[in-house]
Amino acid sequence: MLELRPGCECCDRDLPPESGEARICSYECTFCGDCAEGALKGVCPNCGGNLVPRPIRPAKMLLKHPASTKRVMKDGGCLTRAS
Ligand SMILES: [Zn+2]
Ligand SMILES: [Zn+2]
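Definitions and limits used
Residues numbered from 1 in each chain as written. Chains lettered and ligands numbered in written order. Predicted model: local features only at pLDDT ≥ 70, side-chain atom pairs only at ≥ 80, totals over all residues. Heavy atoms only, no water. Donors = N, O, S within 2.8 Å, 3.2 Å for Na, K, Ca; no water. Tetrahedral: all angles 85-135°; square planar, octahedral: opposite > 155°, others 65-115°. Buried < 20%, exposed > 50% of the residue type's maximum accessible area, 1.4 Å probe, protein only. Helix = DSSP H or I, 4+ residues; strand = E, 2+ residues; numbered from the N terminus.

K.L.:
Talk me through the coordination of the zinc ion (ligand 2); I want residue IDs and the actual numbers.
P.N.:
Around the zinc ion (ligand 2), the donor atoms from the protein are C25 (SG), C29 (SG), C44 (SG) and C47 (SG), and they sit 2.3 to 2.6 Å away. What the four donor atoms of the zinc ion (ligand 2) show is an angle range of 89 to 151° at the metal, which sorts the shape as irregular. Accessibility expressed as a relative area gives 1% for C44, which makes it buried.

K.L.:
Just give me the short version of the coordination of the zinc ion (ligand 1), but keep the residues and values in it.
P.N.:
At 2.3 to 2.4 Å from the zinc ion (ligand 1) lie its protein donor atoms, namely C8 (SG), C11 (SG), C32 (SG) and C35 (SG). Taken together, the four donor atoms surrounding the zinc ion (ligand 1) define angles of 100 to 116° at the centre, an arrangement classified as tetrahedral. In primary-sequence terms, the residues that donate to the zinc ion (ligand 1) follow C-x2-C-x20-C-x2-C. With C8 in the segment before β1 (22–24) and C35 in helix α1 (residues 33–37), the pair connects residues that are 27 residues apart, well separated along the chain. On the basis of relative accessibility, which here comes to 0%, the residue C8 falls in the buried class. The class of C35 is buried, set by a relative accessible area of 11%.

This is the structure we're talking about:
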């Protein structure tokens, strides 16, 4: 089950569970659309995997399985990847 992390690891923008802006990799590193498609070019800076749109959990399932509230921020920002 996805954690549904609450914000972008690069810019800390809020990404609520119903947001269509969230992008994740297979490890659920979480980024906003701007960072994912802009600075990161669709590649996760942590694991090198591809970033895909995060599925939206329906509100009624969020009552049962709430989204994570633990913020994850990448040390040094998202542009530390060699480029
Ligand atoms: Zn971002
Ligand atoms: Zn990753």
